[in-house]
Amino acid sequence: MDFSTRRKGAKKEVVTNNTSQKLQFYKIPPTETVSLHEFEEFALERLKVLKAIETAGEKFVKTSSEYEAYVREQLRNTKFSKLLKSEKNDENDSELRSLDNVSHFILRLAYCKSEEARRWFRQQELDLFRFRFSLMSESLKKKFLVENNLHYESISDEEKSKIQEQLAAVSNKGTGVVESLEYFKVHFTDVLDLVQKRKVYLHKGHAYVAYDDMISLLIGVYREHLSQALAITARAIPHLEEDERLLPMLSGLSKRYLGSDYDVKKSTVGQVTADMIDMLSKKSFPLCMSHLHSSMRQNHHLRHGGRQQYGLFLKGIGLSLDEAMKFWRSEFTKLIDVDKFDKQYSYNIRHNYGKEGKRADYTPYSCMKIIMSNAPGPGDSHGCPFKHTDVDLLRQKLKNMTIGDVYLDKIISEVKAGRYNVACTRYFESVHKLPLEYQAQTFSHPNQYFEESQRTLNGENKPVGIGTPQRSQKTMTTTSTENKSQNKTKSCIEEFDTMDDDFDINEVIETSA
Amino acid sequence: MPEKTSSYDPESLPDLLPIYYKKLFPYGPYFRWLNYGGVEKNCFSHREFSFTLKDDIYIRYQSFSNEKDLTEEIQKRCPYKIDIGAIFSHRPKEHKTVKASSFVALKKELVFDIDMTDYDDVRSCCSGADICSKCWPLMQIAIKIIDRALRDDFGFEHLLWVYSGRRGVHCWVCDETARKLSQPGRTAIAEYLSVVKGGESQTRKVMLDDRPHPSITSAIDIVRKRFTDYAVKKQDFLGDDDKIKDVLQLIPEENVNVSKGVNHLLKSPFCIHPKTGRVCVPIDPDNVDSFDAFKVPTISEIVDELNHVEPTSEDGKRIKDYKRTSMKGYMEIFDKFLTNLEKTWKGKLIEQSGKLTYD
């Protein structure tokens, strides 16, 4: 099939940033001279913008006015304050454009190294782009499409009438409505997110996109461009003959907002042994991991996605390779013989610890990775319980875990708004008997949850602000240990400890028998 | 196990493999496929193969310069299993000589791996690795649904369907667009094709709107055609129309993991399944209904056939050994696939040679 003619004049496309608009796809790297000081300053300013976008997305629905207000407020004190202003050729314009362009390319260098970093950067840049585009006037939007060679011919009424029913079924609108809409015919690879959600009619490789969905096309094109550019940059960096000024700065930048990637620090290795996991899973594991744990105990097996997500998490909390081997083997061999285990699974475990294959030292999955990629299918137990569980079932499960109503309602409403990490953070507060919304920072990594939990349980994170006893009391009314646990968090932990010890001993006897 | 593997004995595999690789493995057509007409240079020599040798010794990053090199190495190693990986930026066997970050997977066919164990929810006859003539129709329905969607919806034309030798089927989508797909592109297609969503924590496995997507409507049509036959006669479902939703679970839940990554390996066609001894033969998607997994020849059968058939044809011309065995029919399916595929690069080669003359 030939798609070479799909974009009008795409082959002759002159790559240029020199459009009449501020918004652009960042195709040409800046050539101006930038001082070392500016280099860092520009990058930090853009990071503030991206961070604002990320936080806004966690707090509010992306199309809401609160979202817009929040981003505007956050941008006010940055060099990007005029970024969202309507198009006017004031004198700051060229300065702002240069800042926009330069800072984007610097961050591209800083965030190209790991998959995790690329994913974060790409996501925020895409959200920023989507937001900026949504603020543009209709005429400017059209102009933008034309200037970026994304001007597709709309399909004829005749063609439309032939596929009217299919278009209507996809858009969930009446055929009458479809008739009045403008549709474009594009290659399916240009609108992958619509394809993925099955929100577009496909025929012979063409996607029929309604005008309202064109932003999706833009995002798709931008995403592809950015992914490719980041991959190329990542490949080029090792060849960059750079003096020692920029590289350290770049790697410092990339650590800035991603937080730790929870690779295994020497100090934590061996802190956790196989027989501690049962206890820890009850006290300090986020819901996704305690779910994986109990699913494994129940089935004596986990499928690949689960083994990866759980195995790397365990590695991150300090389970050594030997202990990991012991842990997985003792459980799996309840179902299969040791020989089969060694053949089928031990490679995978050693691989995760960088002992096989390309010997990369793999890092645990972040929440973004768990939520965004590889949704669980039938028989799978991995994924994010807040995202990948039906709301009613989730509510029921949490109720059974004696999560108080106040927390529960909050968790469910966050889940419904698609803010799964926030829901997880509220869950944390409930489990750790902390006041609602006590945690200022939203969790972005299961290992962060674990560390925070350990800190809290060890008393390093005392809830100083427990000034609202009514509220915390209320949330515990369903707890069986209500009376004891109300007074002190500490006592409840101790109680858990003894319970778990008993359980552990049984478990150990069972497995070694 | 209900599957009859006739005379095949897994113990004999080490003795049979050298003969198979010496006389029967179709190197010529195999190379013609993976070389893609040589339109893009390096597309064969930068391709990763991996071998599983005796005692589960697994070696990755094998690569070969040409058909001869490939043939010699396979015959020397006699792998129990061959996997095909991606086309990389450098020759995979030299990957240690380049920086890890610059050694990257560039292209690969879009692949699907449908496994019968994914249907344990809906089959009542066997489970796990077993298959029988009662549940095989599920696989046929799966092939039809995916084949239709890939062709009609996505416009792909060059689909190679391969029996995995026991309980599964693989699909290699070989169109240039498919080979060049990015990881998000692969994910999008995989998600588009999976109707059955959700792991054990999600109650409803099939989500259907009142007005399903046209692609689902087509799938339902395919299921409906086969439903009466399958559900009533073979799996003892109630034959009542309300149950059609349950049967929609038949819509393939392919192993999306394999489909998503560019850098994933998948078992090569024409391997021998070590447990059943069956050859991983191509399946003709136009005649799925007549494909019988239990009739696929085993390595012992075809090696045996070799000994009993004259090595020359009637006119005295020497013919390829595999054409003298029951692999013949399956090779015709592969040839048909290749002939169509070759049309795509013939034009390109002319275009390229034209350029040379004008320059």
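By convention here, each chain's residues receive numbers from 1 onward along its written sequence. As a convention, the first chain written is A and the first ligand written is 1, with the rest following in written order. Owing to the predicted nature of the model, reporting of local features is limited to residues with pLDDT of at least 70; listing and counting of side-chain atom pairs is limited to 80 or more, with chain, interface and lining totals taken over all residues. To get the side-chain values, take all heavy atoms of the structure and skip hydrogens and water.

Draft legend 1. Region of the structure containing the overall build of chain A. The helix and strand tally for chain A stands at 26 helices and three strands. Burial status across chain A gives 49% buried among its 513 residues. Taking contacts inside chain A between residues at least 6 apart in sequence as the whole, the part at least 24 apart equals 69%. Just so you have it, chain A exposes about 25200 Å², and 49% of that area is on carbon and sulfur atoms. The helix and strand labels rest on DSSP assignments: H or I over at least four residues marks a helix, E over at least two residues marks a strand, and numbering proceeds from the N terminus. Relative accessible area decides the class of each residue, using a 1.4 Å probe on protein chains only: under 20% of the type maximum gives buried, over 50% gives exposed, and in between gives partly exposed. In what follows, residue pairs with any heavy atoms lying within 4.5 Å of each other are defined as contacts. We get accessible surface area from the Shrake-Rupley algorithm with a probe of 1.4 Å; when it comes to residues, only the shown protein chains can shield them.

Draft legend 2. Looking closely at the environment of Gly318 of chain A. All names here are of chain A. With respect to the helices and strands, Gly318 occurs in the loop between α14 (304–316) and α15 (321–332). Classification of Gly318 as buried rests on a relative accessible area of 0%. The spatial distance from the C-alpha of Gly318 to the C-alpha of Val272 is 5.4 Å, given a sequence separation of 46 residues.

Draft legend 3. Layout of the interface of chain A and chain B. Each side of the interface is counted separately: chain A has 43 residues, and chain B has 45 residues. Here the buried area means the combined drop in accessible surface, using a 1.4 Å probe, for two parts upon being joined, counting both sides. The contact between chain A and chain B buries some 3700 Å² in all, and 53% of this surface belongs to carbon and sulfur atoms. Interface area lost by chain A to chain B is led by Gln196, Arg198 and Pro378 of chain A, which between them contribute 20%. A carboxyl oxygen of Asp or Glu within 4 Å of a side-chain nitrogen of Lys or Arg is what we treat as a salt bridge. Connecting chain A to chain B are two salt bridges. Of the charged contacts in the structure, one is a salt bridge between Lys343 of chain A and Asp56 of chain B, with a shortest N-O distance of 3.7 Å. When contributions to the side of chain A that touches chain B are tallied by element, the ones reaching two or more residues are α7 (164–171), α9 (192–196), β2 (201–203), α13 (287–299) and α20 (391–400) of chain A. Here the side of chain A that touches chain B gets four residues from one element, more than from any other, and that element is α7 of chain A.

Draft legend 4. How the structure looks around unusual backbone geometry. Phi at Glu437 of chain A is positive, roughly 60°, even though this residue is not glycine. For Glu437 of chain A, the location among the structural elements is in the loop between α22 (420–431) and α23 (446–457). You can call Glu437 of chain A partly exposed: its relative accessible area is 45%. Within the chain, Asp55 of chain B stands out as a residue other than glycine whose phi angle is a positive 60°.

Draft legend 5. Geometry of the packing of aromatic side chains. Each Phe, Tyr or Trp ring, with Trp reduced to its six-membered ring, pairs with another whose centre is within 6.5 Å; inter-plane angles below 30 degrees give stacked pairs, above 60 give edge-to-face pairs, and intermediate values give tilted ones. Counted under the stated rule, the structure contains 56 aromatic pairs over all chains. Taking the centre distance of 5.9 Å and the plane angle of 75° together, the rings of Phe332 of chain A and Phe341 of chain A count as edge-to-face. On the basis of relative accessibility, which here comes to 2%, the residue Phe332 of chain A falls in the buried class. Consider the rings of Phe25 of chain B and Tyr27 of chain B, whose centres lie 4.8 Å apart with planes at 50°: the pair is tilted. In this pair, the class of Phe25 of chain B matches that of Tyr27 of chain B, namely buried. One aromatic cluster in this structure is built from Tyr20, Tyr21, Phe25, Tyr27, Tyr30, Trp33, Trp172, Phe270, Phe334 and Phe337 of chain B. Over the aromatic face of Tyr211 of chain A sits the side chain of Lys142 of chain A, whose NZ or CZ is 5.3 Å from the ring centroid. Directly above the aromatic system of Tyr365 of chain A lies the positively charged group of Lys369 of chain A, at a separation of 4.6 Å from the ring centroid. Think of it as a cone above the ring: NZ of Lys or CZ of Arg counts as a charge over the ring if it is within 6 Å of the ring centre and within 35 degrees of the ring normal.

Draft legend 6. Highlighting the sheet that holds β2 of chain A. Residues and elements named next belong to chain A. Two strands are said to pair when DSSP picks up at least two bridges between them. Taken together, the three strands give an open sheet; going across it, the order is β1-β3-β2, and neighbouring strands pair in antiparallel fashion. Every other strand in the sheet has two partners, leaving β1 (183–187) and β2 as the edge strands with one partner each. Adjacent strand axes in the sheet meet at a mean angle of 30° when their direction is disregarded. Relative to strand β3 (residues 206–210), β2 runs antiparallel, the two sharing three bridges. Pairing of Tyr201 across the sheet is with Tyr208, part of β3. Whenever a helix is involved, its axis is fitted only over the stretch in contact; in every case the axis is a line through C-alpha atoms, and angles between N-to-C directions fall within 0 to 180 degrees.

Draft legend 7. Region of the structure containing the environment of Asp275 of chain A. All names here are of chain A. Mapped onto the fold, Asp275 is located in the loop between α11 (246–258) and α12 (277–283). Residue classification places Asp275 among the partly exposed residues on the basis of a relative accessible area of 41%. Residues Asp275 and Glu323, 48 residues apart in the sequence, show an inter-C-alpha distance of 8.9 Å.

Draft legend 8. Expanded view of the pairing of strand β6 (residues 159–163) of chain B. All names here are of chain B. Extensive coverage of β6 is indicated by the burial of five of its five residues. Here β6 shows no split at all, with Leu159, Trp161 and Tyr163 on one side and Leu160 and Val162 on the other all buried. Of the pairings in the sheet, the one linking β6 to strand β7 (residues 168–173) comprises five bridges and is antiparallel in character. Across the sheet, Leu159 pairs through a bridge with Val173, a residue of β7. The pairing of β6 with strand β9 (residues 282–283) spans two bridges and is antiparallel. Paired with Trp161 across the strands is Ile283, a residue of β9.

Draft legend 9. Expanded view of the sheet that holds β7 of chain B. Residues and elements named next belong to chain B. On the basis of which strands lie adjacent, the open sheet formed by four strands has the order β5-β7-β6-β9 and antiparallel pairing. Each having just a single partner strand, β5 (110–115) and β9 make up the two edges of the open sheet. By the bridge criterion, six bridges tie β5 to β7 in an arrangement that is antiparallel. Pairing of Asp115 across the sheet is with Gly168, part of β7. Where helix α4 (residues 136–153) meets the sheet, its contacts fall on β5, β6, β7 and β9, and the angle it forms with β6 comes to roughly 165°.

Draft legend 10. Layout of the side chain of Arg119 of chain A. Residue and element names in this part refer to chain A. Along the polypeptide, Arg119 turns up in helix α4 (residues 115–134). A relative accessible area of 14% places Arg119 in the buried class. Apart from residues lying up to four places away in sequence, Arg119 is in contact with Met368, Lys369 and Ser373.

Draft legend 11. The arrangement of the pattern of salt bridges in detail. In total, this model carries 46 salt bridges over all chains according to the counting rule given. Across the salt bridge formed by Glu41 of chain A and Lys79 of chain A, the nearest N and O atoms sit 3.8 Å from each other. Of this pair, Glu41 of chain A sits in helix α1 (residues 36–59) while Lys79 of chain A sits in the loop between α2 (65–75) and α3 (92–110), and the two are 38 residues apart along the sequence. Owing to a relative accessible area of 41%, Lys79 of chain A belongs among the partly exposed residues under this scheme. Across the pair Lys336 of chain B and Asp286 of chain B runs a salt bridge whose closest N-O atoms are separated by 3.8 Å. Of the two residues, Lys336 of chain B sits in helix α11 (residues 328–358) while Asp286 of chain B sits in the loop between β9 and α10 (299–308), which places them 50 residues apart along the sequence. Through salt bridges with shared partners, a single ionic network connects Arg46, Asp100, Glu125 and Arg132 of chain A.

Draft legend 12. Geometry of the nonpolar core. One finds Tyr20, Tyr30, Trp33, Phe49, Leu150, Phe156 and Ile189 of chain B to be the most contacted residues of the largest nonpolar core, which totals 153 residues. Residues in contact with Tyr30 of chain B, not counting those within four places in the same chain, are Phe25, Phe49, Leu70, Ile82, Ile84, Ser268, Pro269, Phe270 and Phe334 of chain B. Nine residue types can take part in a nonpolar core, namely buried Ala, Val, Leu, Ile, Met, Phe, Trp, Tyr and Cys, and a core is a set of them joined through side-chain atoms within 4.5 Å. Within the second largest apolar cluster, 53 residues are counted, among which are Ile277, Met289, Ala324 and Leu408 of chain A.

Draft legend 13. Looking closely at the confidence of the model for chain B. Residues and elements named next belong to chain B. Along the chain, pLDDT gives the predictor's confidence residue by residue, from 0 to 100. Per-residue confidence for chain B gives a mean pLDDT of 81; residues scoring 70 or more make up 75%. Confidence drops under pLDDT 50 across residues 197–207; counting only partners more than four residues distant or on other chains, this segment forms 44 contacts. Predicted confidence for residues 252–257 stays below pLDDT 50, and this span has 27 contacts to residues more than four positions away or in other chains. The ipTM value of the predicted complex is 0.84, and its pTM value is 0.67.

Draft legend 14. A look at the pairing of β5 of chain B. Where burial is concerned, most of β5 of chain B is hidden: six out of the six residues are buried. Because side chains alternate across β5 of chain B, one face comprises the buried residues Leu110, Phe112 and Ile114 of chain B, and the other comprises Val111, Asp113 and Asp115 of chain B, equally buried.

Draft legend 15. Just α22 of chain A, in detail. Residues and elements named next belong to chain A. Taking 1.5 Å of rise per residue, 12 residues should cover 16 Å, and α22 covers 16 Å from first to last C-alpha, within 8% of that figure. Within α22, 11 of the 12 residues are buried, which leaves it mostly tucked inside the rest of the structure. Every buried residue of α22 is listed here: Tyr420, Asn421, Val422, Ala423, Cys424, Thr425, Arg426, Tyr427, Phe428, Glu429 and Ser430. Lys433, located one to two residues past α22, shows a positive phi value of around 55°. Given a helix with a known number of residues, its expected span is that number minus one, times 1.5 Å.

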